[in-house]
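Spelled out from the first residue to the last, the chains are:
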Amino acid sequence: MRWLAGLPLFAAAAAVATAAAAFLWPPRKSRASGFTDLGPVDEIPEGVVVRTLESGPIVVLKEAGQCRAFSAACTHLGCPVRWRPEAGEFFCSCHGGAFDRGGKPLRGPVRSPLKALNLRITGGRLLLEESS
Ligand code: FES
């Protein structure tokens with residue numbers, strides 16, 4: 001009967017693992033709709049998540065429940081950018097380029113903003129427009 005005491009902890013761990021796996025699992029593509037399903041919006045954590053799609057890596061920035069998505073390719077020479085939460089910016093370590101949270105160039109050799117991608121929330125799911 002002692003094993004029953006650990007059941008709630010096991011159930012909680014399983015729920016967290018299921019949510020994490022659902023988000024990390026490759027996104028479902030719906031060619032008919034023209035959108036890629038990035039998963040339940042409520043399960044996307046605050047901060048930045050990197051997803052790899054057929055078209056390349058993207059970054060999804062979620063702040064105060066609002067999501068924005070950009071191509072992760074730096075507009076200078078295409079190196080991947082990463083989010084620096086302490087600075088509130090996307091940073092490219094190849095040549096020191098930086099972009100603000102809206103994707104606009106801040107410093108370094110970058111002149112063009114990160115490519116913004118169109119998102120939509122339908123039925124509680126975050127959808128990425130494929131042509132964006
Ligand atoms: S490739 Fe990003 S700053 Fe040069």
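The structure this text deals with has already been given above.
Each chain carries its own residue numbering, running from 1 in the written order of its sequence. Local features in this predicted model are restricted to residues of pLDDT 70 or higher, and side-chain atom pairs are both shown and tallied only at a pLDDT of 80 or more, whereas totals for entire chains, interfaces and linings draw on every residue.

Draft legend 1. How the structure looks around the nonpolar core. Only buried Ala, Val, Leu, Ile, Met, Phe, Trp, Tyr and Cys residues enter a nonpolar core, and they are joined through C-beta atoms within 7 Å. Residues with at least 20 neighbouring C-beta atoms inside 10 Å of their own are called buried, those with 12 or fewer are called exposed, and the rest are partly exposed, where every C-beta is derived from the backbone. Of all hydrophobic cores here, the largest spans 21 residues; its most connected members are Ile-58, Val-59, Ala-69, Phe-70 and Val-81. Those elements giving two or more residues to this core turn out to be strand S2 (35–40), strand S4 (56–63), strand S5 (66–71), strand S7 (89–92) and strand S12 (125–129). Val-59 has contacts with Val-48, Val-50, Ala-69, Phe-70, Ala-72, Val-81, Trp-83 and Phe-90, leaving out every residue within four places of it along the chain. Where helices and strands are cited, they refer to DSSP runs of H or I of at least four residues and of E of at least two residues respectively, numbered from the N terminus. By definition, residues are in contact whenever their C-beta atoms, placed on the basis of the backbone, come within 7 Å of each other.

Draft legend 2. Focus on the pairing of S12. Here, any two strands with at least 2 DSSP bridges between them count as paired. Both S2 and S12 contribute to a ladder of 5 bridges, which runs antiparallel. Bridging across to S12, Pro-40 finds its partner in Arg-125. By the bridge criterion, 4 bridges tie strand S11 (residues 119–122) to S12 in an arrangement that is antiparallel. Its bridge partner being in S12, Ile-121 is matched across the sheet by Leu-126.

Draft legend 3. Representation of the sheet that holds S7 within the structure. Spatial ordering of the open sheet is given by S6-S7-S8-S9, a layout of 4 strands whose pairing is antiparallel. The two strands at the open ends of the sheet, each matched to only one other strand, are strand S6 (82–84) and strand S9 (105–107). Ignoring strand direction, the axes of neighbouring strands in this sheet form an average angle of 40°. Relative to S7, S6 runs antiparallel, the two being bridged by 3 bridges. Opposite Arg-84, over in S7, you have Glu-89 as the bridge partner. Axis definition: a line fit to C-alpha positions, over the contact stretch in the case of helices; interaxial angles, taken between N-to-C directions, run 0 to 180 degrees.

Draft legend 4. Structural view of the environment of Ser-55. With respect to the element layout, Ser-55 can be found in the loop between strand S3 (47–53) and S4. Taking the number of C-beta atoms within 10 Å as the measure of exposure, Ser-55 has 14 and is therefore partly exposed. Measuring from C-alpha to C-alpha, the distance between Ser-55 and Glu-130 comes to 8.8 Å, with 75 residues separating the pair along the chain.

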